[in-house]
Amino acid sequence: EKWVYSFGDGEAEGRASDRDLLGGKGANLAEMASLGLPVPPGLTITTSACNWYYSQNRTMPAGMEEQVMEGLARIERITGRRFGDREHPLLLSVRSGARASMPGMMDTVLNLGLNDDSVQALGHDAGDARFAWDSYRRFIQMYADVVMGLDHEVFEEILEDEKGKLGYEYDTDLSAAEWQEVIALYKEIIEDELGEPFPQDPHVQLWGAVKAVFASWMNARAVTYRHLHGIPSAWGTAVNIQAMVFGNLGNSSATGVAFTRNPSTGAKELYGEFLVNAQGEDVVAGIRTPQSITEAARIASGSDKPSLEKVMPEAFSEFCGICNRLEAHYRDMQDLEFTIERGKLWMLQTRSGKRTAKAALKIAVDMAAEGLITEREAVTRIDPSSLDQLLHPTIDPRVTREVIGSGLPASPGAATGEIVFTAEEAVEAEAEGRKVILVRIETSPEDIHGMHAAEGILTTRGGMTSHAAVVARGMGIPCVTGAGTMRVDMRNEHLIGLGGLTLKKGDIITIDGSSGQVLKGIVPMLQPELSGDFGKIMQWADSSRRMTVRTNADTPQDARAARSFGAEGIGLCRTEHMFFEGDRIQVMREMILAESEDGRRAALDQLLPMQRSDFAALFEIMHGLPVTIRLLDPPLHEFLPKTDEEIAEVADAMGMEPKKLRERVDALHEFNPMLGHRGCRLAISYPEIAEMQARAIFEAAVIAARETGAAVVPEIMVPLVGLRSELDYVKGRIEEVARAVMGEAEMQIDYLVGTMIELPRAALRAHVIAEAAEFFSFGTNDLTQTTFGISRDDASVFLTTYQRKGVIEHDPFIQLDFDGVGELMKIAAERGRQTRPDIKLGICGEHGGDPTSIHFFESIGLDYVSCSPFRVPIARLAAAHAAI
Ligand code: ADP
Ligand code: MG
Ligand code: MG
């Protein structure tokens, strides 16, 4: 079996499409080498080898070692250096690289192959001893950390001490001799802490590093990251072994990262940062403040440090050419890593760049305009869930800003919250329902759970490509990084802003991730604008999708918001929500607690005009679009007065004794109300309730039709039907009312009567129910509840445990359970259509706004999905993806 793929010198055994086998990094290194770009030669050990390693008790597959040695010989031929050589030593980088990019989660070792002998040779070869010792100290530190498991902080302490003694500010200030002293201390601490010396044999080093990369696939950080991003652990990681090139070889050398377009705004401009005389992660680690790549960006940032364009014009222009070439080749914005060794440019990585939702829209629309991609492709480039980011509020431009600090606009949107200084505090606060801004000097992968819990993130160090920036953009959380004008005093839990203003933990701040400003207190915000690129992508998506998208709306306010988000009707109006408004609950209680039909009718007469005006408003806003109204669904017990005070009040209004009323309340008590007296069961016990609602609906339809001139076709939905006879009974009442209202109004009203499918029995008997039902709407919340036999109000406790223990992958209330609940839906859809081929099928549960579930709904041919107003754009886009 082939475990190893070589690349370099204008050719490669793998290519970009081999991502599954070679990992993203390896596949793209191969692709770049084939394109003839300057890539240091190397080889990739496949993800299959990693999977073998784990399946065979952490052993390497037979033959792999020989193949690595052959690949290494090829690298030696191309570079003219030899691994472990005492004159012209070849140094290697050993880099992890999974199928999906997992930034910063796994480990890389640079400068591998150095030891006490070759460090001398390296310095001699390069004519720069400082460089050689600098490389050696980096190697020892990384190797000890990644392979030997000694925390990097011990090394940083030693180095800080030395710099302090010598009065230096930067690592680059140390001379060769001074580095040598540091290295002696490094080696000493390794022996002290681990009881073994730092390995001198390059081959031992190499295999140690390869195993460590395999092992890093299972480290806690990587496991958490995979869990958060739904990456299967079975994918494994590849290992890239590559010749080193050196950005730390003096002032004509540099290392940097760049995006071919601005990842924050999407603007078509090269965007990136670099450091002279530096290596590896120096740029993102915030050791020195990085410099801009282009002169335009330098000017815009007001920095006085020269740009790459200025200091290394030739390498810069070659780099620009490569950026254009890669973008055209991959037809997407690229995120690049490069190193310049004594003026010579080397490409170390390319991948599709992470970007904000706003940037994603702009880039997709621009690339379609540039002819790089089609409009359909542009639609598929946008992750539906990411649209959430655009629905974030921004700071009202009319308010005067009380700026207390500023940094980089790392992730857009504004957020307000209490200051907390640790991830743990952020998580605690979230659990208590408090909104917080996580304030850190810089973040690391250990902070991820806290970043998730926070409304926004503020760091005082780090650039646009720092950990905080990358992660926040990915999560769609507003973020300001590198707020150098502010200072975090962790010991006293203080954030010190402009002019020495001291804020304590718990004080409220607002961050503006779009401008980089930090403001004091709560600031008025504006709701997002949904035109421009957003509008264009939505328009393209709409022309690609088959399913329509409706909204779940109970109030005129929801209905209006949903219309502005492009909803094409109401898929679910929950009439009961209307009964909780204002003093209506009082009348509702009187109705429920009445002891006779007459008493109920008296209360219902009061409710009728209220419902009628509610429905008329919805019909008018929807202007001829379909509106589905569900008859009263929840158990009556939800409306009952609970406290003595409430009971006294109702009793008074009804002229009843509180004691008697209390008895009536107790009589209505149910042990398991969600499986109790609710849904169509109420309409059968108390038909006058359904009749009142039907009357309100039809009278509202008459009013709206007269006012707007648009035909109103109400769709009346009967909940919780299990038996066809239940539907027949309720439908009979509705039809009677319809006839009466049409006679009174002397007007014909078209309407549909349908049912929710939310009980397994209804799904199985769909062919019979469809004889009476003109439409089905899948109530997937209840259907999930009744199929699993779990209560959605109580399940979260053990569902979290289930997920943690791997018993269940997704919460079935969030992502539809395709195998079980989905199967029932499929059966119901098929059987319903058997009876009534043109039956309208929709879904109105939470799943209607979940992109993955929407794919499933497309696959079983539903006509529409209905979701909450703010998810309408997401559903429109997801429905387009599902259809493309
Ligand atoms: P990550 O997956 O965390 O980005 P990488 O494997 O890309 O890790 O390595 C991190 C950094 O190490 C790179 O951005 C680059 O600066 C440096 N690096 C990796 N390989 C080499 C190499 N062959 N020569 C010089 N620098 C390298
Ligand atoms: Mg990288
Ligand atoms: Mg229901």
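An unreviewed UniProt entry lists the chain under the name Pyruvate, phosphate dikinase, from Ferirhizobium litorale. Within the UniProt record for the chain, the comment given under Function (unreviewed entry) is "Catalyzes the reversible phosphorylation of pyruvate and phosphate."

Participant: Even after reading the chapter, I still don't get the overall build of the chain, so can you show me in this structure?
Facilitator: Secondary structure summary: the chain contains 34 helices and 34 strands in total. With respect to the three principal axes, the spread of C-alpha positions in the chain is 105 × 65 × 55 Å. The contacts of the chain with a sequence gap of at least 6 include a subset with a gap of at least 24, amounting to 67%.

Participant: When you look at unusual backbone geometry in this model, what are you seeing that I'm missing?
Facilitator: Glycine aside, residues mostly have negative phi angles, and peptide bonds mostly take the trans form. Even without glycine at this site, asparagine 277 takes up a positive phi of about 50 degrees. Relative to the assigned elements, asparagine 277 resides in the loop between strand S10 (271-276) and helix H10 (282-285). Judged by the 22 C-beta atoms lying within 10 Å of it, asparagine 277 is buried. For arginine 331, which is not glycine, the phi dihedral falls at a positive 55 degrees. Mapped onto the fold, arginine 331 is located in the loop between helix H13 (313-330) and strand S12 (334-341).

Participant: Before we go on, may I ask you to explain the site of ligand 1 in this structure?
Facilitator: Close contacts around ligand 1 come from 17 residues, with Ser93, Arg95, Thr108, Gly280 and Glu337 the closest. Among the secondary structure elements, those contributing two or more residues to the shell around ligand 1 are strand S6 (92-98), strand S7 (108-112), strand S8 (237-243), S12 and strand S13 (344-352). Considering only residue class, the shell around ligand 1 consists of 6 nonpolar, 8 polar and 3 charged. Two domains each provide a minimum of three residues to the shell around ligand 1, namely domain 1 (73-240) and domain 2 (254-355).

Participant: It is not clear to me how the domain arrangement of the chain should be interpreted in this structure. Could you clarify?
Facilitator: Taken as a whole, the chain is organised into domain 1 (73-240), domain 2 (254-355), domain 3 (393-526) and domain 4 (545-635 + 670-883). Placing the centre of domain 1 and that of domain 2 at their C-alpha centroids yields a distance of 24 Å. In this complex, domain 1 contributes 6 residues to the contact, which on the side of domain 2 involves 6 residues. Classifying every residue of the side of domain 1 that touches domain 2 by side-chain character gives 2 nonpolar, 2 polar and 2 charged.

Participant: For this particular structure, what's the right way to read the nonpolar core?
Facilitator: Proteins that are soluble and globular tend to have nonpolar side chains buried together. Ranked by size, the top nonpolar core spans 224 residues in total, and within it Leu92, Ala209, Ala364, Ile537, Phe619 and Val865 carry the most contacts. Examining the composition of this core, we find that 12 residues originate from one element, helix H26 (residues 687-708), more than from any other. When sequence neighbours within four positions are dropped, the list of residues in contact with alanine 364 reads Ala378, Arg381, Ile382 and Ile537. Core analysis: the next-biggest nonpolar cluster, separate from the first, contains 40 residues, Ala469, Ala483, Leu503 and Ile511 among them.

Participant: Would you explain the packing of helix H6 (residues 152-166) against helix H7 (residues 176-194) in this entry?
Facilitator: Put simply, H6 and H7 touch, their axes get as near as 10 Å, and they point 145 degrees apart. Crossing geometry of H6 relative to H7 is assigned as right-handed. When H6 is examined against H7, the residues Val154, Phe155, Ile158, Leu159, Glu162 and Leu166 are found in contact with a partner set consisting of Glu178, Val182, Leu185, Tyr186 and Ile189. Counted by class, the contact of H6 with H7 contains 9 nonpolar, no polar and 2 charged residues.

Participant: Is there a simple way to explain the UniProt feature "domain: Pyruvate phosphate dikinase AMP/ATP-binding" (unreviewed entry) in the chain in this structure?
Facilitator: UniProt's entry tags residues 62-294 and 314-369 with the feature "domain: Pyruvate phosphate dikinase AMP/ATP-binding" (unreviewed entry), counted in the numbering of this structure. For residues 314-369, the helix share is 54%, the strand share is 30%, and the end-to-end C-alpha distance is 31 Å.

Participant: Help me out: how do you make sense of the environment of glycine 499 in this one?
Facilitator: By the element assignment, glycine 499 lies in the loop between strand S22 (494-496) and strand S23 (502-504). A tally of 8 C-beta atoms within 10 Å means that glycine 499 is categorised as exposed. Along the chain, glycine 499 and glutamate 774 lie 275 residues apart, while their C-alpha atoms are 69 Å from each other.

Criteria and thresholds
Position numbers for residues count from 1 along each chain, tracking the sequence in the order it is written. Think of it this way: whatever chain is written first is A, whatever ligand is written first is 1, and the rest follow in order. Residue-level local features of this predicted model are given only where pLDDT is at least 70; pairs of side-chain atoms are given and counted only at 80 or more, and the full residue set underlies all totals for whole chains, interfaces and linings. UniProt positions are given in the numbering used here, feature names are shortened, and annotations may be inferred rather than shown by experiment. Strands here mean DSSP runs of E at least two residues long; helices mean DSSP runs of H or I at least four residues long; both are numbered from the N terminus. By the criterion used throughout, residues are in contact when their C-beta atoms, derived from the backbone, lie within 7 Å. The burial criterion counts other C-beta atoms lying within 10 Å of a residue's C-beta, which is placed from the backbone; the residue is buried at 20 or more, exposed at 12 or fewer, and partly exposed between these limits. Here, nearness is defined through the C-beta atom: a residue counts as near a molecule or strand if that backbone-placed atom lies within 6 Å of it. Charged means Asp, Glu, Lys or Arg here, nonpolar means Ala, Val, Leu, Ile, Met, Phe, Trp, Tyr, Cys or Pro, and polar covers whatever is left, Gly included. Note that domain bounds follow an automatic or database assignment of domains. Put simply, a nonpolar core is a cluster of buried Ala, Val, Leu, Ile, Met, Phe, Trp, Tyr and Cys residues tied together by C-beta atoms within 7 Å. Between N-to-C directions, angles cover 0 to 180 degrees, with each direction set by a line fitted to C-alpha atoms, over the stretch in contact for helices. Note: crossing handedness is left-handed where the near helix turns anticlockwise from the far helix by less than a right angle, and right-handed where it turns clockwise.

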